[in-house]
Amino acid sequence: MNEHYYPALPQGWERSQVEMLLIEIAPALKLGSKRLTALLYMMGRTRPKDWTSREVEPVYYAPQTETALALGKSERALRNDERALSKDHKLVELRLKANGSRSFYGHCGIVFSQLIDMVPALIALRDSQRANRERVRELVHRRSSYLRHMKQRIEAASPELIRNTDFWAATQAFENWPHSSKLRRMPLGALETHVDECRELCVRVDDLYEICRKTSGQAEDNFRSFIQEDINEHP
């Protein structure tokens, strides 16, 4: 009787889903495309049911010569890939015979039980990355609205307002905003701080418009509060 019980994928998960998961989070794992291709090739030649059963392990048994030929790389390059997948990424276990060979008998080869154990953590990593991307998308959208607002305010500024030193300082701060193309490459925390500062600058410029309106006794053409605009665009 087999008394060994091995890790199995979470309920509802299959090997193919793990493959798609790895493709999505490979950059976060610092897993290069060639090494990822080798990993997926070996995974794809295991039995899918071995990933969901607790009574067997998914193991890739094919010799390096055969695998290297299939992947179009040297055996040395393949050995480096396997070593990195085992020691650096800790995604697989190299379980080899004393002479380095692999065999179905003794289950010697590339063993994927460690990867199965890691799947819940990898799912959490993927979900975190997706949430961060959505947060970045939201922040970039908000910055775009702040950019439009500042341009409209500067273009519509009266001569009196242009001579105001506080307004001049605000326009200089606006000129220092990073280009929109750079926003998605900023660390999330830095992007959040920047967007908060953009909103504060827009509010400050609105306040200057309001002061100018009251002192001049005239309403600015098409005057619209940024606070109102911000609430309407970002409930």
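This report concerns the structure included in the present document. These numbers come from a predicted model, not from an experiment.

So, a positive patch on the surface
Step number 1: On the surface, a cluster of positive charge is contributed by Arg76, Arg79, Arg83, Lys87 and Lys90.
Step number 2: According to the relative accessible area criterion, Lys87 is exposed, its value standing at 56%.

A short note on the pattern of salt bridges
Step number 1: Scanning the model with the defined rule gives 13 salt bridges in all.
Step number 2: In this structure, Arg153 engages Asp206 in a salt bridge whose closest nitrogen and oxygen atoms are separated by 2.8 Å. A residue pair is termed long-range when its members are at least 10 positions apart, and Arg153 in helix 5 (residues 113-156) and Asp206 in helix 8 (residues 188-216) qualify at 53 residues.
Step number 3: Classification of Arg153 by relative accessible area gives buried; the value is 6%.
Step number 4: In this structure Asp206 comes out as buried when scored by relative accessible area, which is 7%.
Step number 5: Each of the salt bridges in this network shares a partner with another, and the network as a whole consists of Glu24, Arg130 and Arg133.

A few points about the nonpolar core
Step number 1: Val18, Leu22, Leu39, Met43, Trp51, Phe112 and Leu115 are the most contacted members of the largest nonpolar core, which has 26 residues in total.
Step number 2: Elements supplying a minimum of two residues to this core: helix 1 (15-25), helix 2 (33-43) and helix 5.
Step number 3: Other than its neighbours up to four places away in sequence, Leu115 contacts Val18, Leu22, Met43, Trp51, Leu91 and Leu122.

Describing the environment of His89
Step number 1: Its location among the elements puts His89 in the loop between helix 4 (75-88) and strand 2 (93-95).
Step number 2: Judged by its relative accessible area of 16%, His89 falls in the buried class.
Step number 3: Counting along the chain gives 60 residues from His89 to Leu29, while the straight-line C-alpha distance between them is 7.4 Å.
Step number 4: Setting aside anything within four residues of it in sequence, one finds His89 in contact with Leu29, Lys30, Leu31, Arg35, Ala84 and Met118.

Quick notes on the rules
Residues numbered from 1 in each chain as written. Predicted model: local features only at pLDDT ≥ 70, side-chain atom pairs only at ≥ 80, totals over all residues. Heavy atoms only, no water. Patch = residues over 30% accessible without salt bridge, like charges linked within 9 Å, V, L, I, M, F, W, Y side chains within 5 Å. Areas by Shrake-Rupley, 256 points an atom, 1.4 Å probe, with all protein chains shown as cover. Salt bridge = Lys/Arg side-chain N within 4 Å of Asp/Glu carboxyl O. Lys, Arg positive; Asp, Glu negative; His and termini not counted. Charge placed at Lys NZ, Arg CZ, Asp CG, Glu CD. Buried < 20%, exposed > 50% of the residue type's maximum accessible area, 1.4 Å probe, protein only. Helix = DSSP H or I, 4+ residues; strand = E, 2+ residues; numbered from the N terminus. Core = buried A, V, L, I, M, F, W, Y, C linked by side-chain atoms within 4.5 Å. Contact = heavy atoms within 4.5 Å.

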